[in-house]
Amino acid sequence: MTDPKQTEAPQDEEVKRQLRELKELFDYFDKDKSGSIDSSELVQILRCLGENPVEAEVDDMIAALDKDGNGVIDWIEFSDLMIKRKGTRSIDEELQAVFALFDKEGTMAITKEGVLQTMNEVFKEGMTLEDAEDMVTVIDREGKGYITFDEFKDVMINGI
Ligand SMILES: [Ca+2]
Ligand SMILES: [Ca+2]
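These numbers were taken from a predicted model, which means no experiment stands behind them. (Residues numbered from 1 in each chain as written. Chains lettered and ligands numbered in written order. Predicted model: local features only at pLDDT ≥ 70, side-chain atom pairs only at ≥ 80, totals over all residues.)

A.B. asks: Hey, could you run me through the packing of helix H3 (residues 39-48) against helix H4 (residues 55-65) in this one?
C.D. replies: If you want to describe how two helices pack, look at the angle between their axes and the distance between the axes. In the contact formed by H3 and H4, the axes pass within 10 Å of each other and the chain directions differ by 105°. The pairing of H3 with H4 is recorded here as roughly perpendicular in orientation. On H4, the residues touching Ser39, Leu42 and Val43 of H3 are Val58, Asp59, Met61 and Ile62. The residue makeup of the contact of H3 with H4, split by class, is 5 nonpolar, 1 polar and 1 charged. (Axes fitted to C-alpha atoms, helices over the stretch in contact; angles between N-to-C directions. Helix = DSSP H or I, 4+ residues; strand = E, 2+ residues; numbered from the N terminus. Parallel < 35°, antiparallel > 145°, perpendicular 65-115°, else oblique. Contact = placed C-beta atoms within 7 Å. Nonpolar A, V, L, I, M, F, W, Y, C, P; charged D, E, K, R; others polar.)

This is the structure:
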C-alpha cells in the first residue's frame, strides 16, 4: 500500500515533525502550564535525558538560554536549545535513553519494580509499589504486565 519513496518526508517536513514532538515535550515538562520552563522544570527534563545536574549547572544553563533575560525558558528559547543539542540524537534516541533509566536489566521492558526504583531514585517521587503497578497497568496497553518501548514512546509523546 505505501510506497516508501512517497512516505519519506522531505527535510523540512522532518524538521516540522520534530518540532511538533518537541512542543509536546515542552508542554509535558511545563508542569504548571505557565508557557515557560523554570529551573525546577528544567531539572526534570535533564534527569529525563539521563543527566543529573547540580543546581549551579541548571542556573548556568538557564542563563545561557534565557535570551530575553526573564529568568525562564520559553518555547522559542527551548526549541533553540533542543535543536542545537540534538544534532546527533533523534527524539527516538532521547526516548530510548529515558527508557533505559527504567529498564534496569536491559530487557526492553519496564516492570513495576523498574518504575518504582527509577521514580524514587531519579525523580524523587516517593512512589509506592501500588502506584508503580497502577502506572504500568495504565501504560501497558498490550496487557503483558510490563511496558514496552512502543507503549512508553506513545505515552511520552501523546500522553496517557
Ligand atoms: Ca512552567
Ligand atoms: Ca526567557
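Read on for the rest.
A.B. asks: Please clarify how the packing of helix H7 (residues 112-121) against helix H8 (residues 129-139) should be interpreted in this entry.
C.D. replies: Interaxial distance between H7 and H8 falls to 8 Å at its minimum, and their mutual angle equals 120°. By the angle class used here, H7 and H8 are oblique. Crossing handedness for the pair H7 and H8: right-handed. Where H7 abuts H8, its residues Lys112, Val115, Leu116 and Met119 lie against Leu129, Ala132, Glu133, Met135 and Val136. Counted by class, the contact of H7 with H8 contains 7 nonpolar, no polar and 2 charged residues. (Left-handed = near helix turned anticlockwise from the far one by under 90°.)

A.B. asks: I tried to follow the environment of Asp59 on my own but got confused; where do I start?
C.D. replies: Examined against the element boundaries, Asp59 turns out to sit in helix H4. By the C-beta count within 10 Å, which is 13 here, Asp59 ends up partly exposed. Residues Asp59 and Leu42, spaced 17 residues apart in sequence, show a C-alpha to C-alpha distance of 9.6 Å. (Buried ≥ 20, exposed ≤ 12 C-beta atoms within 10 Å, placed from the backbone.)

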